[in-house]
Amino acid sequence: MKHNMTFFAPILLAASFAANADAPAVTPNTKPGVTTTAAAADTSVSIKNFAFAPTATTVTVGTTVHWKNLDGEPHTVRSIDATFRSDALDQNDSYSVKFDQPGTYKYVCSIHPQMVGTIVVTAAH
Ligand SMILES: [Cu+2]
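Notes on the structure follow. (Residues numbered from 1 in each chain as written. Predicted model: local features only at pLDDT ≥ 70, side-chain atom pairs only at ≥ 80, totals over all residues. Heavy atoms only, no water.)

Here's the deal with the sheet that holds strand E5 (residues 78–79)
Two pairing modes exist for strands in a sheet, parallel and antiparallel, and in both the strands are linked by backbone hydrogen bonds.
Inference 1: Read from one edge to the other, the open sheet built from four strands follows the order E3-E8-E7-E5, with strand pairing classed as mixed. In this open sheet, the two edge strands, each paired with only one partner strand, are strand E3 (56–60) and E5.
Inference 2: Bridge count between E3 and strand E8 (residues 116–122): five bridges; the pairing is parallel. Following the sheet pairing, Ala56 is matched in E8 by Thr118. (Pairing = 2+ DSSP bridges. Helix = DSSP H or I, 4+ residues; strand = E, 2+ residues; numbered from the N terminus.)

Written out as structure tokens, the structure reads:
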């Protein structure tokens, strides 16, 4: 768990920054008794130098993770349990997955199996 926390804090900071940047100057249109929930922030994983960066990412349920291949070589994003699987991504191609179920999702590049990564999805508060 100590390992996960190192990635959790920056994600929280990024989420709060985005919320502030998008904060409207007007009062949100909410009805009495209705609670608005902040949308889960998206997060990005780069594929660079034959590695996923960061290799481990912790997000909350509902978050969409975007992978982008920055290498000149094609890579894929394929979960170990086949929950998700991208086509081959050429340079600057992206692939996105929305995570609606808590869990630990380990994935690899099917072309270069030494390239591994993990997405940890935690339940919403
Ligand atoms: Cu690869």
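Comments concerning the coordination of the copper ion
Metal coordination angles in their ideal form are 109.5 degrees for the four-donor tetrahedron and 90 or 180 degrees for the six-donor octahedron.
Inference 1: The copper ion binds to the protein through His75 (ND1), Cys109 (SG) and His112 (ND1); the donor distances cover 1.9 to 2.1 Å.
Inference 2: One chain supplies every donor for the copper ion, spaced along it as H-x33-C-x2-H. Of the two residues, His75 is situated in the loop between strand E4 (64–69) and E5 and Cys109 in the loop between strand E7 (103–108) and E8; the sequence distance between them amounts to 34 residues.
Inference 3: With a relative accessible area of 0%, His75 lands in the buried category. (Donors = N, O, S within 2.8 Å, 3.2 Å for Na, K, Ca; no water. Buried < 20%, exposed > 50% of the residue type's maximum accessible area, 1.4 Å probe, protein only.)

So, the sheet that holds strand E2 (residues 51–53)
Inference 1: The four strands lie next to each other as E2-E1-E4-E6, forming an open sheet whose pairing is mixed. Unpaired on one side and paired on the other, E2 and strand E6 (94–98) mark the two borders of the sheet. Within this sheet the neighbouring strands show an average axis-to-axis angle of 20°, counted without direction.
Inference 2: Relative to E4, strand E1 (residues 43–48) is paired through five bridges, and the arrangement is parallel. Residue pairing for E4: Thr43 is matched across the bridge by Val65. (Axes fitted to C-alpha atoms, helices over the stretch in contact; angles between N-to-C directions.)

Here we look at the side chain of His75
Inference 1: Looking at His75, its side chain comes within polar contact range of the side chain of His112, at 3.1 Å.
Inference 2: Setting aside anything within four residues of it in sequence, one finds His75 in contact with Ile47, Phe50, Asn69, Asp87, Ala88, Leu89, Cys109, Ile111, His112 and Met115. (Polar contact = N/O pair within 3.5 Å; in protein donor to acceptor, adjacent residues only side chain to side chain. Contact = heavy atoms within 4.5 Å.)

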